[in-house]
Each structure stands twice: as C-alpha cells, then as structure tokens.
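So the chains spell out like this:
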Amino acid sequence: MNIATAEHLRFGKDIVFTFGPLASIYTRVYSPATDWMMLLGSALIAVALFAGFFAVASARKRVFLLILPVVISLAWGRDAVFMLVPVLIPFVLHRGLQRGRAYTAALCLLASASAILPLVKGNFGLLLGLAVLVSVIMCWRVQRRSVLLIIAVAGISLLTAWLASGQRLLDLPGYFIA
C-alpha cells in the first residue's frame, strides 16, 4: 500500500483493496515516501483521542487519563483504537450540551481524525457514517451549529487527506464504491 501511494496509483481504479492511501497509519510499516503521512495521521488520531476523553471525563477523574496510553497499547487489536475515535463524537456532543457549551476544539479534532479513517481502511467509513448520523439525530434541534461544524470539518479533512496523499479528487467516489 505504501508503494501504491508513493507511485500515485489510483485507489479504487488501479488498486482495489480495503486499505487506502493512508494504510501506513494502521500497518505502521515504514516507507520514506509515506512516513510523513503516517506520522501526521497517527499524531492527529492520538491527540483527538486524548482530547475526546479529556472532554468527556469529569474534572476529578482527568488524572486517570495519564494511564490512557498504557491501556490503549494493551488493546487486543488495532481496530479498537481506530473504532473508538468516531464513537467519541456523540459523547463529546452530549457532554457539551450537559455542561451548557460545546467543546469545539475536541469536536474538530475528533471529526478530523474520524474523517481520515476511511482512507486508512475503507471499513472504518461505516463507523464514521454511523457516528455522524447519531450526532445529527441526537443534537440537531439543540446544537445545530455543532453538528454542521462536525460535518464541515470531516468533509474538509477527508478531501484534504485524499489530495495530500496524491490522489485525484474525481477518484474518491470510485475508492468508496470499490
């Protein structure tokens, strides 16, 4: 997948597989051509995960977030970590409503990290869609701006990551269909 990304093969046309152009984030396989994408994407996911847990945790229990990296590193599969990022979006939205304010930075980080997940592995797109749908249903009447912000940030992040990985914009629908 790293070679396909480095050679600018068209995902969904030249190469059809469940992994996408950002597969190195999942596989952690080094390639000089994709290393910067792997490091930036992994950092975005890690920061978003921490921000999401920070926004959801009560002030007294935030000290337990210090052991979060250990707990995550002991997870049985890598999928668990990636699947947790979109699931945090509705929780952060709910917590923001409960406290009277939305956690805009955490929501933007989670939306951005969640949006790149389908480019890591296509299967994660279903979870992203489900998390956005739950967020829309849960908060449309009360926090319409937050829901629109999530959708806008996710869309922009998805398109930016797709283009930054050397893909053509017109090939994005073909990637998801394939």
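Residues numbered from 1 in each chain as written. Predicted model: local features only at pLDDT ≥ 70, side-chain atom pairs only at ≥ 80, totals over all residues. Heavy atoms only, no water.

*Asks:* Help me understand the overall build of the protein, please; the structure alone is not making it clear to me.
*Replies:* Each helix and strand in the protein was counted, giving nine helices and zero strands. Each helix and strand of the protein, ordered N terminal to C terminal, gives the series α-α-α-α-α-α-α-α-α. Compactness check: the protein gives a C-alpha radius of gyration of 17 Å against a globular reference of 16 Å for 178 residues, within 12% of the reference. Dimensions of the protein along its principal axes, counting C-alpha atoms only, are 50 × 35 × 25 Å. A total of 178 residues make up the protein; the buried ones form 42% of that total. As displayed, the protein offers around 9,800 Å² of accessible surface, 70% of which is attributable to carbon and sulfur atoms. The positive charge centre, built from 15 side chains, and the negative charge centre, built from 5, are 24 Å apart in the protein. (Helix = DSSP H or I, 4+ residues; strand = E, 2+ residues; numbered from the N terminus. Rg over C-alpha atoms; globule rule 2.2 N^0.38 Å. Buried < 20%, exposed > 50% of the residue type's maximum accessible area, 1.4 Å probe, protein only. Areas by Shrake-Rupley, 256 points an atom, 1.4 Å probe, with all protein chains shown as cover. Lys, Arg positive; Asp, Glu negative; His and termini not counted. Charge placed at Lys NZ, Arg CZ, Asp CG, Glu CD.)

*Asks:* Mind showing me how you'd approach the packing of helix α6 (residues 104-120) against helix α8 (residues 144-164) here?
*Replies:* Describing two packed helices takes the angle between their axes plus the distance from one axis to the other. Between α6 and α8, whose axes approach to 8 Å, the crossing angle comes to 40°. One finds that α6 runs oblique with respect to α8. Crossing of α6 over α8 shows right-handed handedness. Contact residues: Thr104, Leu107, Cys108, Ala111, Ser112, Ala115, Ile116 and Leu119 in α6; Ser146, Leu149, Ile150, Val153, Ala154, Ser157, Leu158, Ala161 and Trp162 in α8. Of the residues contributing to the contact of α6 with α8, the split by class is 13 nonpolar, four polar and no charged. (Axes fitted to C-alpha atoms, helices over the stretch in contact; angles between N-to-C directions. Parallel < 35°, antiparallel > 145°, perpendicular 65-115°, else oblique. Left-handed = near helix turned anticlockwise from the far one by under 90°. Contact = heavy atoms within 4.5 Å. Nonpolar A, V, L, I, M, F, W, Y, C, P; charged D, E, K, R; others polar.)

*Asks:* What am I meant to see in the nonpolar core here?
*Replies:* In terms of nonpolar packing, the biggest core is built from 42 residues, with Leu22, Ile45 and Leu119 touching the most fellow members. For this core, the secondary-structure elements that each account for two or more residues are α2 (24-27), α3 (35-56), α5 (78-98), α6, α7 (124-139), α8 and α9 (172-177). For this core, the element with the highest residue contribution is α6, accounting for ten residues. Here Leu119 is in contact with Gly20, Pro21, Leu22, Ala23, Leu158, Ala161, Trp162, Leu172 and Tyr175, once residues within four sequence places are set aside. (Core = buried A, V, L, I, M, F, W, Y, C linked by side-chain atoms within 4.5 Å.)

*Asks:* I would appreciate a short explanation of α8 in the present structure.
*Replies:* Because each turn of an α-helix spans 3.6 residues, side chains separated by three or four positions end up pointing in the same direction. With 21 residues, α8 should reach 30 Å at 1.5 Å per residue; the first-to-last C-alpha distance of 30 Å fits that figure. By the burial criterion, the buried members of α8 are Ser146, Val147, Ile150, Val153, Ala154, Ser157, Leu158, Ala161 and Trp162. Buried positions in α8, seen along its axis, are confined to an arc of 155° and lie on one side of it. Turned more than 90 degrees away from the buried face of α8, the exposed residues are Arg145 and Ile156. Directly beyond the C-terminal end of α8, a positive phi value near 90° is found at Gly166. (Expected span 1.5 Å × (residues − 1). Arc of directions from axis to C-beta.)

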